[in-house]
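Listed below are the residues making up each chain.
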Amino acid sequence: MMMIMMMMITYYSYCIRFDQVLFHYLITSKAFGTFGFDIHHRYSDTVKQSLNGDGLPEEGTIDYYNALAHRDQVIMGRRLAAISTPILTFYSVDGNETYSVTAIANLHFAYVRVGTPTLFFLVALDTGSDLFWLPCDCTTCARYYNESDGSKFPLDIYSPSNSTTSSRLPCNSPMCGPTRGCLAKSNTCSYQQFYGTTSSTGILVDDVLHFGTNTNPQDPIDVTVTFGCGKNQTGGYLERGGGINGILGLGMDDISVPSVLAKKGFTANSFSLCFVNEGLGRIEFGDKGSVDQKTTPFNLQKIKSTYSVTVTQVTVGNNVNDHLHITAILDSTFTYTYLTEPAYSFIVNNFISRVTEEPYTYPYEVVLDYCFALSENQTSYITPNLTFTMKGGNQYNVMNPTLKFEQEESGSAYCLAIIKSESDNIIGHNFMTGHRLVFDREEMILGWKESDCYDSIPSDTQVPRKGDSTRPRAPPPPRANGAARLSSVTSGLMAVMLAVFFHNFIDLSS
């Protein structure tokens, strides 16, 4: 009898402890899956096979880096409304070639799969906006890209009527919100999204976005999300080479894909971005980072939330400036990093004083002001360490403060890839490269850790290389009744249950 009572007490103790473990398990990211996409730079073979490379300077040249700087300035001008008509073309540094800014309007792309049957879209990633939209039942939008050989590459165009899992978003939906419109006749929520002088206009719909988990074997995940059915595009979206197949907004609003995934319980409300020098990277939804990552809080804003952080100290080599207080926005839309005074001059002056190479001045106008020539046989160079101390005391080591390029006649050179700003401080793609950056919207913190972008996915997952030009591998067919989503969670819970049970069993036996 005493043994039975002891077993019953142990059983109830096990149940209580399991509830506690289960609760802890469910509120941490371990209870959710993580899944994402490979990121491809505008100059990657994967993107160039879909968006033709006409009007683009050769990668790695000074014209290439100058073109990206011009592009940044156009985007910044649009955001500040400082210019009403953007400069869409510019000359090469020698004045012999003309390049188009619209051809590099967006930097980073990913393939997404939407609807039933599935369609592929090469969408641009944008941390500065919230809405996910696709070209849809088009009145005015790009339908194909002109290839350099004269052929035309057709684009998938989404249509709600062609997808069996699609439905229009009614005007009374919480996702419609006060900033949206309403088409009363069809009771459909409408939208108009501006990006400076370009825009997308249409209706909001719900449909399935297809993912694959970062597990081996891969589990399919189908998530119903709200996105824009973009019927009318304007500006650069219609230009030759500048057309686009959709935008995936990664902002903090409830309508963004990371928010929807979290609200529906598929992932934690967090995602990570990671870039490497080869023009590749990863975006991981649900990624909360690692226990050894460094963190700093986001600056909360009342009007429009951005991924803004505070830099309290800047170090160049062994020279420290702890009198700075910089509020900077992390925005991968920008190629370079833009800093206002006095931070800009502090970094530039201390950088120049520690560089051993001779200054190099181009005979033509370039955006990058501080460049240095390498000797005839010199293949590498050493620059001083650049470190930002963030609010809270953690240090962010900038991995790529410079860029190197080859000149046919004058040899190699490198430039400090920081540009002076008269308005905002922006930490761009170049300062983000080499880190896995975690945008944790639950804790409202930025996390970071040095990474090659593929160190946290299964070891036998094929890491794409720069020459890869194939579309992503499709996940296996969905399992019935949502079993795919539950499989990894169920396995984890079973492991927890067995661990707790055997622990109690051993305690009872002893």
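Residues numbered from 1 in each chain as written. Predicted model: local features only at pLDDT ≥ 70, side-chain atom pairs only at ≥ 80, totals over all residues. Heavy atoms only, no water.

**Digging into the packing of aromatic side chains**
Part 1 of the reasoning: What the rule picks out here adds up to 19 aromatic pairs.
Part 2 of the reasoning: Ring centres 5.3 Å apart and planes at 40 degrees place the aromatic pair Phe132 and Phe227 in the tilted group. Of this pair, Phe132 sits in strand 6 (residues 132–140) while Phe227 sits in strand 13 (residues 220–234); the two residues are 95 residues apart in sequence, bridging distant segments of the chain. Across this residue pair, the class does not change: Phe132 and Phe227 are buried.
Part 3 of the reasoning: Cluster of aromatic residues (ring-pair linked, three or more members): Phe35, Phe37, Phe211 and Phe285. (Phe/Tyr/Trp six-rings, centres within 6.5 Å; stacked < 30°, edge-to-face > 60°. Helix = DSSP H or I, 4+ residues; strand = E, 2+ residues; numbered from the N terminus. Buried < 20%, exposed > 50% of the residue type's maximum accessible area, 1.4 Å probe, protein only.)

**Notes on the state of the cysteines**
Part 1 of the reasoning: The final tally for this structure, using the stated rule, is six disulfides.
Part 2 of the reasoning: The disulfide bridge from Cys274 ends at Cys453, spanning 2.2 Å between sulfur atoms. The sign of the S-S torsion, about -85 degrees, decides the handedness of the disulfide formed by Cys274 and Cys453: left-handed. Within this pair, whereas Cys274 is found in strand 15 (residues 270–275), its partner Cys453 is found in the loop between strand 31 (445–450) and helix 7 (483–509), the two being separated by 179 residues in sequence. Each member of the pair Cys274 and Cys453 is classed as buried.
Part 3 of the reasoning: Paired through a disulfide, Cys371 and Cys415 show a sulfur-sulfur distance of 2.0 Å. Torsion about the S-S bond of the Cys371 and Cys415 cystine: about 95 degrees, corresponding to right-handed handedness. Taken together, the residues Cys371 in strand 23 (residues 371–373) and Cys415 in strand 27 (residues 411–416) connect sequence positions 44 residues apart. Accessibility assignment for this pair places Cys371 and Cys415 in one class, buried.
Part 4 of the reasoning: For the protein chain, the bonded cysteines pair up as 1-8, 2-3, 4-6, 5-7, 9-12, 10-11 when numbered in the order they occur along the sequence. (Disulfide = S-S within 2.5 Å.)

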